[in-house]
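This is what each chain is made of:
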Amino acid sequence: MSFEERKGGPVGRKSREKRERRLAKSPEDPAFLLRRMISLHNQFGARKQVKDTFLTQVRETRTLICQYDAADVARAIGVSELWPANAGSHVKHAFAWCVFLEVPLEERGGKRIESYADFQQFAEALHAAWPDFPTLEDFSPEADWGQTKVSLGGRFVPVFYGSSIERVPDFIEAFRITYADVPAALAQMDLVVSLQALIIEAIPHLTQPPVVDAERGHVELPPEDFWLSYRDMLQKIGQLSADWRQRTGTSLNADLGGYKAPLTWESFGNAAFTGDAVPFLGVNVAGAWYPMAVRSAPGTVIDHWAKKKAPSISPQVHSRLGQFVFERYDGTLPGPVVLVLGGEICSELPISSVTSAPTGVYLICACDHELVDKQAAVAAAILAKARQAKNIRFKLIGGPEVLLSSDGVNGPSADELYIILAPALATTSVGLLNLPDKPVRLLPLADLITIFDSLKNLEDLERYWAFCDGQRSALSPFSRGPADLFASFMDTDEVLVDGAVEPTMISLDPSWGTSWRFKALAEFWSRAPRVFPDRTSGWRLSEGPEGVIEMSS
């Protein structure tokens, strides 16, 4: 976290130096145009040199890869990218996959990678040939090995947290809610989860703490025992995952030579930035199937479906989101539900869940991320109508009316209603949404998953909103993410700036939210029982006397 303050400018000699510098940069200076031409020439020359160097590195990497048996290369790249210490070099490994995919099988040699010495020779040559990407590998993901879990086929299985996207378990849950009515989408995410679980469970000793962050862009040679274990797993994983893959079709499978990879300096950089460099989950090599970019695979599926289909907010979406809230908060009516104001049904605002708490009645409404402004206006109009209504009730879509009442007669007042819009998951790329006017609130679906899974009660939600409102005017534009703000709310005991300091701008660590969430999830799953009583993870776990784990819902 950093604070910046604006102060008055210097005087005297400093002002004279500033004037001289301004003059030297202006057309009034006779040498200005010449210096400008030289500067542009140097910039063009440097840019061309970077492009040429990149193409040279592509050729060197291709020459190396073409010497070897294709299946051995697929396994070797997979071993290198999945070694936990290499989690911060995902773009380099995406580059290697691009080069690997572009070359047809018949143009490859037959050199084998049969021993660890062979693997070491190949990996060190690969690491020396590929480019560095300091502006793309600019963060430090967790070098974890299954410390967090998600549901799959009735049980909870380990997944990778450190990835090209933040808060992977929450994005997986948000995806499953967003595409609750699209079986093909759910099947592809299930395949990703199953692949990660198979790999992690094959080498369980790496699950032991502590987990540190991978260094940005760092790459190293995996040790021999890891190479042996994972190489053997990769030889079997196609068969082990056959049932899951059969349900997903082949749209995210690649064939050697069938992919026109983005292998110019501009095209690869753009593709890596948007997550499109390796838009596949696996590759077919001589009748065998090998996974690719496994840590980044959840993001691959999310972006694939974001381009393929605009999510519709169906009753199944509302139902699944409502169930998520119901599993975590007493007094929740899962949807889909609509408001009934004085006998008039407000069908224009479907509600995913209604939760009654001491601080009010919270209406969570899943909505299309492209229609947020429209839904915000609808929500504001409904709240205005509620203030004029004689009574406020709720109606289950396709079911009876429901009265939420403390005395059995009177429903909630309009002032007790709080509407939270939850835009469905879009792509993994950065996007901007307009905040609605209070009392309507906005929480993108993945952020809602993070926050609602972490709150003790909805009274804390009101304190979080107050915390956000108190900081928002001073926050930099890139420090307003709900998850980062929630992490700072939790870590600072609701006091972001101590004492009499009044900063004009506050910048939060952009990794604050994902780092805090990893610690919270890792602690939860370290305490979790093998089977939860209701087979959901919507429990709060704490350590009681003599190390006994206490569960509450």
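Let me sum up the structure you'll find in this document. Note that the structure is a prediction, hence the values are computed from the model and not measured. (Residues numbered from 1 in each chain as written. Predicted model: local features only at pLDDT ≥ 70, side-chain atom pairs only at ≥ 80, totals over all residues. Heavy atoms only, no water.)

This paragraph deals with the layout of surface pockets. In this structure, the second largest pocket encloses a volume near 1,100 Å³. Lining the second largest pocket are 43 residues, with Arg328, Asp453, Phe524, Ser537 and Trp539 positioned closest to its centre. Those elements that place two or more of their residues in the lining of the second largest pocket are strand E2 (148-152), strand E3 (155-159), helix H6 (168-178), helix H12 (315-326), helix H14 (445-454), helix H17 (512-527) and strand E15 (540-543). It is H17 that provides the largest number of residues to the lining of the second largest pocket, a total of eight residues. Taken together, the residues of the lining of the second largest pocket break down into 17 nonpolar, 10 polar and 16 charged. (1 Å grid on protein atoms, 1.4 Å probe; cavity = no way out; pocket = protein on both sides within 12 Å on 5 of 7 lines; lining within 4 Å. Points joined across faces, edges and corners; volume = space filled by probe spheres on them. Helix = DSSP H or I, 4+ residues; strand = E, 2+ residues; numbered from the N terminus. Nonpolar A, V, L, I, M, F, W, Y, C, P; charged D, E, K, R; others polar.)

Let's shift gears to the nonpolar core. Counting 122 residues, the largest nonpolar core has Phe100, Tyr230, Phe452 and Leu461 as the members making the most contacts within it. Discounting residues that sit within four places of it in the chain, Phe452 has contacts with Phe324, Arg328, Tyr329, Ile364, Ile420, Leu443, Leu458 and Leu461. Listed in part, the 29 residues of the second largest apolar core include Leu333, Leu341, Cys365 and Cys367. (Core = buried A, V, L, I, M, F, W, Y, C linked by side-chain atoms within 4.5 Å. Buried < 20%, exposed > 50% of the residue type's maximum accessible area, 1.4 Å probe, protein only. Contact = heavy atoms within 4.5 Å.)

With that out of the way, let us pick up the packing of aromatic side chains. One pass over the full model with this rule turns up 31 aromatic pairs. Seen in terms of ring centroids, Tyr464 and Phe489 are 5.8 Å apart; in terms of plane orientation they differ by 70 degrees. Their pairing is edge-to-face. With a gap of 25 residues between them, Tyr464 in helix H15 (residues 458-471) and Phe489 in helix H16 (residues 482-491) connect regions that are remote in the sequence. Grouping residues by exposure puts Tyr464 and Phe489 together as buried. Relative to Phe532, the ring of Trp525 has its centre 6.0 Å away and its plane inclined at 80 degrees; by these criteria the two rings are edge-to-face. An aromatic cluster of three or more residues is present, and its members are Tyr464, Trp465, Phe467, Phe486, Phe489 and Trp516. A cation over an aromatic ring shows up here: Arg231 above the ring of Trp227, its NZ or CZ 4.5 Å from the ring centre. (Phe/Tyr/Trp six-rings, centres within 6.5 Å; stacked < 30°, edge-to-face > 60°. Lys NZ or Arg CZ within 6 Å of the ring centre and 35° of its normal.)

Applying the stated criterion across every chain, the model contains one cavity of 30 Å³ or more. Taken as a whole, the largest cavity spans an internal volume of roughly 40 Å³. Looking at the largest cavity, the residues that line it are Asp72, Arg75, Ala76, Ile113, Trp227 and Arg231. In the lining of the largest cavity, the residues fall into three nonpolar, no polar and three charged.

A few words on the sheet that holds strand E4 (residues 253-255). Remark on secondary structure: sheet strands pair via backbone hydrogen bonds, oriented parallel or antiparallel. The sheet built from three strands is open, its strands ordered E4-E5-E6 with mixed pairing. The open sheet terminates on both sides in strands that have one partner only, identified here as E4 and strand E6 (288-291). The average angle at which neighbouring strand axes cross in this sheet is 35 degrees, direction not considered. The sheet strands contacting helix H4 (residues 90-102) are E4, strand E5 (282-285) and E6, and the helix crosses E5 at an angle near 35 degrees. (Pairing = 2+ DSSP bridges. Axes fitted to C-alpha atoms, helices over the stretch in contact; angles between N-to-C directions.)

Before going further, it helps to spend a moment on the environment of Asp460. Within the secondary structure, Asp460 is located in helix H15. On the basis of relative accessibility, which here comes to 13%, the residue Asp460 falls in the buried class. With 101 residues separating them along the chain, Asp460 and Thr359 place their C-alpha atoms 9.5 Å apart. If sequence neighbours within four positions are ignored, Asp460 has contacts with Leu455 and Phe489.

We now examine the pattern of salt bridges. On inspection of all chains with the given rule, the structure shows 21 salt bridges. With a shortest N-O distance of 2.8 Å, Arg517 and Asp170 are connected by a salt bridge. With Arg517 in helix H17 and Asp170 in helix H6, this pair connects stretches of sequence that are 347 residues apart. Owing to a relative accessible area of 3%, Arg517 belongs among the buried residues under this scheme. The partner of Arg441 in a salt bridge is Asp469, and the shortest N-O contact between them spans 2.9 Å. One end of the pair, Arg441, is in strand E13 (residues 441-442); the other, Asp469, is in helix H15, and 28 residues separate them in sequence. Classification of Asp469 as partly exposed rests on a relative accessible area of 31%. The structure contains a network of salt bridges with shared partners spanning Asp170, Glu327, Arg328, Asp453 and Arg517. (Salt bridge = Lys/Arg side-chain N within 4 Å of Asp/Glu carboxyl O.)

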